Amino acid sequence: MLPHEKTLVKRLEKEPFALIGVNSDGGVEKLREILKQRELNWRQAVDGSTEGPWASQWNVSGWPTIYVLDAKGVIRYRDVREGEMDKAVDALLAEAKRSQ
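Residues numbered from 1 in each chain as written. Predicted model: local features only at pLDDT ≥ 70, side-chain atom pairs only at ≥ 80, totals over all residues. Heavy atoms only, no water.

Colleague: I'd love a proper account of the side chain of Asp70, names of residues and values included.
Modeller: Turning to its location among the elements, Asp70 is positioned in the loop between β3 (67-69) and β4 (75-78). The buried category is assigned to Asp70, whose relative accessible area is 13%. Engagement of the side chain of Asp70 in a polar contact is seen with the backbone nitrogen of Lys72, the distance being 2.9 Å. A distance of 2.9 Å separates a polar side-chain atom of Asp70 from the backbone nitrogen of Val74. Beyond its immediate chain neighbours, meaning those up to four positions away, Asp70 contacts Arg76 and Leu92. (Helix = DSSP H or I, 4+ residues; strand = E, 2+ residues; numbered from the N terminus. Buried < 20%, exposed > 50% of the residue type's maximum accessible area, 1.4 Å probe, protein only. Polar contact = N/O pair within 3.5 Å; in protein donor to acceptor, adjacent residues only side chain to side chain. Contact = heavy atoms within 4.5 Å.)

Next up, the structure:
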């Protein structure tokens, strides 16, 4: 999954798109290790545990859980992967451009 996300971030670097990771593997130092090891360059939040506030508020019960939000912050897709994620993101970008 990470190779796809890296490609997606690179492909959309000039678009109004953001990928945000929410990490539940521990604290800030653990996250820094993971980011360096896996060469991840997108924004991350630390949830602290699998029962952290983000996971609880967003009803995350398994990892990874993927939410794709539109330009208004509304969840439009959940748990799409690879090609399906690309289609979802591209559709929402096109929709946002049409509504400008």
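Colleague: Which residues make up helix α4 (residues 82-98), and what values do they have?
Modeller: For α4, with 17 residues, the first-to-last C-alpha span of 24 Å sits near the 24 Å given by 1.5 Å per residue. Along α4, the positions that sit buried rather than exposed are Met85, Ala88, Val89, Leu92, Leu93 and Ala96. Around the axis of α4, the buried residues are gathered within 130° of arc, so they sit on the same side. Residues Lys87 and Arg98 are exposed on α4 and point more than 90 degrees away from its buried face. Next to the buried residues of α4 lie α1 (2-11), β3 and β4. (Expected span 1.5 Å × (residues − 1). Arc of directions from axis to C-beta.)

Colleague: So what about the pairing of strand β2 (residues 43-46)? Which residues, and what values?
Modeller: By the bridge criterion, four bridges tie strand β1 (residues 20-23) to β2 in an arrangement that is parallel. Across the sheet, Ile20 pairs through a bridge with Arg43, a residue of β2. (Pairing = 2+ DSSP bridges.)

Colleague: Describe the pairing of β4, naming the residues involved and giving the relevant values.
Modeller: By the bridge criterion, three bridges tie β3 to β4 in an arrangement that is antiparallel. Residue pairing in the sheet places Tyr67 in a bridge with Arg78 of β4. Linking β3 back to β4 in an antiparallel pair, the connection comprises five residues, with Gly73 at a positive phi of about 85°.

Colleague: Tell me about the environment of Asp86, and please be specific about residues and values.
Modeller: Along the polypeptide, Asp86 turns up in helix α4. Expressed as a C-alpha distance, the spacing of Asp86 and Glu33, which sit 53 residues apart in the sequence, is 28 Å. Non-local contacts of Asp86, meaning those with residues more than four positions away in its chain, are made with His4, Leu8 and Arg11.

Colleague: Can you explain the packing of α1 against α4? Please cite residues and give values.
Modeller: For the pair α1 and α4, interaxial distance at closest approach is 10 Å and the crossing angle is 25°. It follows that α1 is roughly parallel to α4 by the angle criterion. In terms of crossing hand, the pair formed by α1 and α4 is right-handed. When α1 is examined against α4, the residues His4, Leu8 and Arg11 are found in contact with a partner set consisting of Glu82, Met85, Asp86 and Asp90. Its residues assigned to classes, the contact of α1 with α4 comprises two nonpolar, one polar and four charged. (Axes fitted to C-alpha atoms, helices over the stretch in contact; angles between N-to-C directions. Parallel < 35°, antiparallel > 145°, perpendicular 65-115°, else oblique. Left-handed = near helix turned anticlockwise from the far one by under 90°. Nonpolar A, V, L, I, M, F, W, Y, C, P; charged D, E, K, R; others polar.)

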